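# Coordinate inspection notes
The lines below spell out each chain.
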Amino acid sequence: MSSIVDHIDRNILRALQRDAGLSQRELADVVGLSQNACWRRLKALNDKGVLQGSTMRVDRAQLGLDLVVFVMLRTRHHSADWLDTFRRHVLTIPEVVDFHRIGGDYDYQFKVVTQDMGSYDRVYQRLISGVELDSVTSYFAMETIAEGRPLPL
């Protein structure tokens, strides 16, 4: 485990991953610190860049975002200019919620969350219209077993 955080910091991070909406007093109680000590540690974690913003999880099914697609992509292009153009292009597509450069048979993997097959096809058409690609393979999730799990601290 990183030396930037100690066991108390890890307890704080575990608690925040479970519920980022805890008040400072509640968080201090959960981790067994005074409010002032907890505040100092939170500030230090923010200053070090360990904590990055605060978000709420949204139930995608309640919003009709029922289709999850894992897209695997190969390219023949690896120049810095092409990579920059490609990354910027993909990041303009709001349905792409995770985006990774990977090793192995494919070069990139991303996760698309959208309403249905028709809306995914529009995402796909937008993706392939922006840059030259070698191959795009889509895998459709049948069931989500675990998603957005906390980091193992």
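Along every chain, residues carry numbers that run from 1 in the direction the sequence is written. Confidence filtering applies because this is a predicted model: local features only for residues at pLDDT of at least 70, side-chain atom pairs given and counted only at 80 or more, and all residues used for totals across whole chains, interfaces and linings. By convention in this description, side-chain values take in all heavy atoms of the structure and omit both hydrogens and water.

### Remarks on the packing of helix α2 (residues 24-31) against helix α3 (residues 35-47)
Formally: The angle between two axes is taken between their N-to-C directions and runs from 0 to 180 degrees, where each axis is a line fitted to C-alpha atoms and a helix contributes only its stretch in contact. By the criteria applied, helices consist of DSSP H or I runs no shorter than four residues and strands consist of E runs no shorter than two, each listed in order from the N terminus. Put simply, angles under 35 degrees are roughly parallel, angles over 145 are roughly antiparallel, angles from 65 to 115 are roughly perpendicular, and the rest are oblique. By definition in these notes, contact holds between two residues if any of their heavy atoms fall within 4.5 Å. Just so you know the grouping, Ala, Val, Leu, Ile, Met, Phe, Trp, Tyr, Cys and Pro go in nonpolar, Asp, Glu, Lys and Arg go in charged, and all remaining residues, Gly too, go in polar.
At a minimum axis distance of 9 Å, the contact between α2 and α3 shows a crossing angle of 100 degrees. Compared by their axis directions, α2 and α3 come out roughly perpendicular. The residues of α3 that touch α2, namely those facing Gln24, Arg25, Leu27 and Ala28, are Gln35, Cys38, Trp39 and Leu42. Residues belonging to the contact of α2 with α3 are distributed by class as follows: 5 nonpolar, 2 polar and 1 charged.

### Topic: the nonpolar core
We apply this condition: We call a set of buried residues a nonpolar core when its members are Ala, Val, Leu, Ile, Met, Phe, Trp, Tyr or Cys and they connect through side-chain atoms within 4.5 Å of each other. To sort residues, take the accessible area from a 1.4 Å probe on protein chains only and compare it with the maximum for the residue type: under 20% means buried, over 50% means exposed, and anything in between is partly exposed.
Grouped together as the largest cluster of nonpolar side chains are 18 residues, with contacts concentrated most on Phe86, Phe110, Val112 and Leu127. Within the residue set of this core, elements represented by two or more residues are β1 (67-74), α4 (80-90), β3 (108-114) and α5 (117-130). In this structure, Ile8, Leu27, Leu45 and Leu51 belong to the second largest nonpolar core, which totals 13 residues.

### Some words on the packing of aromatic side chains
We apply this condition: We call Phe, Tyr and Trp rings a pair once their centres come within 6.5 Å, taking the six-membered ring for Trp, and we label the pair stacked below 30 degrees between planes, edge-to-face above 60, and tilted otherwise.
As enumerated under the stated definition, the model contains 6 aromatic pairs in all. Aromatic pair Phe99 and Phe110: ring centres 5.6 Å apart, planes at 80 degrees, arrangement edge-to-face. Taken together, the residues Phe99 in strand β2 (residues 96-101) and Phe110 in strand β3 connect sequence positions 11 residues apart. Measuring from centroid to centroid gives 5.7 Å for Tyr120 and Phe140, while their planes differ by 90 degrees, and the two rings are edge-to-face. A residue pair is termed long-range when its members are at least 10 positions apart, and Tyr120 in helix α5 and Phe140 in strand β4 (residues 135-140) qualify at 20 residues.

### What to know about the environment of Val131
Within the secondary structure layout, Val131 lies in the loop between α5 and β4. Put simply, Val131 and Glu143 are 12 residues apart on the chain and 31 Å apart in space, counted from C-alpha to C-alpha. Once residues within four sequence positions are removed from consideration, Val131 is found in contact with Trp82, Thr85, Phe86 and His89.

### Examining α2
In plain terms, the rule: The directions from the helix axis to the C-beta atoms form the arc being described.
Along α2, the positions that sit buried rather than exposed are Leu27, Ala28 and Val31. Taken around the axis of α2, the buried residues stretch over an arc of 100 degrees, which confines them to a single face. Within α2, the exposed residues directed more than 90 degrees away from the buried face are Arg25 and Asp29. Considering only its buried residues, α2 is in contact with α1 (7-18) and α3.

### A short note on the sheet that holds β2
Definition in use: In this analysis, strands are considered paired if DSSP registers two or more bridges between them.
Taken together, 4 strands build an open sheet; the order of strands is β2-β3-β1-β4 and the sheet is antiparallel. Lying at the two open borders of the sheet, with one neighbouring strand each, are β2 and β4. Each neighbouring strand pair of the sheet contributes to a mean axis angle of 20 degrees, computed without reference to strand direction. Relative to β4, β1 runs antiparallel, the two sharing 6 bridges.

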